[in-house]
Every structure is written in C-alpha cells, then in structure tokens.
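These are the residues of each chain, in order.
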Amino acid sequence: MRRFLLLAVFVCLAAAPALTQDPVKVDPKHYKVMFENDQVRVVRVHYGAHEKSVMHEHPDVVAIFLTDQKAKFTTPDGKSEEKEGKAGDALWMPGGKHLPEAMGDKPIEVILVEMKHKMAAKPATKAPPPPPPKK
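Quick notes on the rules
Residues numbered from 1 in each chain as written. Predicted model: local features only at pLDDT ≥ 70, side-chain atom pairs only at ≥ 80, totals over all residues. Heavy atoms only, no water. Pairing = 2+ DSSP bridges. Helix = DSSP H or I, 4+ residues; strand = E, 2+ residues; numbered from the N terminus. Axes fitted to C-alpha atoms, helices over the stretch in contact; angles between N-to-C directions. Buried < 20%, exposed > 50% of the residue type's maximum accessible area, 1.4 Å probe, protein only. Contact = heavy atoms within 4.5 Å. Core = buried A, V, L, I, M, F, W, Y, C linked by side-chain atoms within 4.5 Å. Phe/Tyr/Trp six-rings, centres within 6.5 Å; stacked < 30°, edge-to-face > 60°. Lys NZ or Arg CZ within 6 Å of the ring centre and 35° of its normal. pLDDT = per-residue confidence, 0-100.

Caption draft 1: Looking closely at the sheet that holds strand S2 (residues 40-47). An order of S1-S2-S9-S4-S7 is seen for the five strands of this open sheet, with the pairing classed as antiparallel. Sheet topology places strand S1 (31-36) and strand S7 (90-93) at the edges, where each strand pairs with a single neighbour. Within the sheet, the average angular offset between the axes of one strand and its neighbour, ignoring direction, is 25°. For strand S4 (residues 61-65) and S7, the ladder comprises four bridges, and the chain directions are antiparallel. Bridging across to S7, Val61 finds its partner in Met93.

Caption draft 2: Seen up close, the sheet that holds strand S6 (residues 80-85). Read from one edge to the other, the open sheet built from four strands follows the order S3-S8-S5-S6, with strand pairing classed as antiparallel. The open sheet has two edge strands, strand S3 (56-58) and S6, and neither has a second partner. Adjacent strand axes in the sheet meet at a mean angle of 45° when their direction is disregarded. Sheet topology note: the strand S5 (residues 69-74)/S6 ladder contains six bridges and is antiparallel. Directly across from Lys70, in S6, lies its bridge partner Glu84.

Caption draft 3: Examining the side chain of Ser53 more closely. Locating Ser53 in the fold gives a position in the loop between S2 and S3. When its relative accessible area of 8% is taken as the criterion, Ser53 is described as buried. Ignoring sequence-local partners within four residues, the contact set of Ser53 consists of Asp27, Tyr31, Tyr47, Leu99 and Pro100.

Caption draft 4: Region of the structure containing the nonpolar core. Counting 14 residues, the largest nonpolar core has Tyr31, Val43, Val45, Tyr47, Ile108, Val110 and Leu112 as the members making the most contacts within it. Looking at this core, the elements with two or more residues in it are S2, S4, S5 and strand S9 (108-115). Apart from residues no more than four positions distant in its own chain, Tyr47 is found in contact with Asp27, His30, Tyr31, Lys52, Ser53, His56, Pro100, Ala102, Pro107 and Ile108.

Caption draft 5: Spotlight on the packing of aromatic side chains. The tally for this structure, following the rule as stated, stands at one aromatic pair. Measuring from centroid to centroid gives 5.9 Å for Tyr31 and Tyr47, while their planes differ by 90°, and the two rings are edge-to-face. One end of the pair, Tyr31, is in strand S1; the other, Tyr47, is in strand S2, and 16 residues separate them in sequence. In this structure Tyr47 comes out as buried when scored by relative accessible area, which is 5%. The side chain of Lys83 reaches across the aromatic face of Phe73, ending 5.8 Å from its centre.

Caption draft 6: Highlighting the confidence of the model for the protein chain. With 76% of its residues at a pLDDT of at least 70, the protein chain reaches an overall mean of 84. The low-confidence segment residues 4-18 (pLDDT under 50) makes zero contacts with residues lying over four places distant or belonging to another chain.

Caption draft 7: Looking closely at the pairing of S1. In the sheet, S1 pairs with S2 via five bridges, with the strands oriented antiparallel. Within S2, the position partnered with Lys32 by the bridge is Arg44. Counted between consecutive antiparallel strands, the loop separating S1 from S2 contains three residues.

And the structure:
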C-alpha cells in the first residue's frame with residue numbers, strides 16, 4: 001500500500017507540468033512562434049472557420065486582431081464566453097487557461113504578444129528642481 005501511495009504521489013507530481021499547457025506545444029496547427037526573447041514571445045494564431053483548439057494557458061498578453069473575429073472561450077470550470085474583435089483592434093488580456101473555438105464562417109488571425117516577466121517597478125526618483133525664475 002505504501003508503494004502505491006508513493007507511486008500515486010510521483011505520478012501527480014510528474015503530471016503537474018502538464019497542467020500548464022503551452023498552446024504552441026499542444027496545438028501547433030493553430031499556434032506558431034514568430035519571435036521570442038527573454039521578455040516576450042510573439043505568437044501568430046490562425047483558426048479556420050469553426051475550428052476548435054484544446055485547453056491551454058497563456059501568460060498576460062496583448063492581442064492584435066488581423067481579421068474580424070467571433071470566438072468562444074471555455075474555461076476549465078466549464079463556463080464559456082463569446083467575444084468579438086475587429087481587424088486592427090489591440091487589447092490587453094490577463095493570463096489564464098481556456099479552450100478557444102472560432103464561431104464565425106471566416107478564418108481568424110491574431111498576433112499574441114505574451115509577457116514573460118512582470119515589469120519591475122522603477123525606484124522613486126527626486127523630481128529635478130524647478131528652473132530659476134526668468135528676469
């Protein structure tokens with residue numbers, strides 16, 4: 001029984017990284033890395049009409065819509081929300097897990113700029129003294 005418990009704990013720990021699903025790895029059909037450095041990763045997203053992905057996770061992102069779109073996002077708790085975007089729009093989205101699905105009759109194209117690190121707060125600096133009054 002003790003060996004079984006140890007094996008069960010090991011399996012759970014080994015599966016923990018699988019809980020964070022990188023869309024580029026779990027759904028390479030729809031997600032391609034365009035650029036990456038130590039600060040950001042830029043991902044191109046392409047869905048055909050009515051295509052569906054798998055559950056995956058993103059960090060905080062800036063999304064830039066290349067096409068008009070209508071999509072449904074289902075979260076791990078089973079709740080879903082439909083969202084629309086217009087070509088040329090850009091918006092900030094907090095990180096999280098979801099399963100996206102294209103709801104329209106046209107393909108969806110989006111660029112995601114994924115943030116890798118929180119911006120460090122800059123230390124407070126003294127304001128420069130005001131200039132002397134003009135004579």
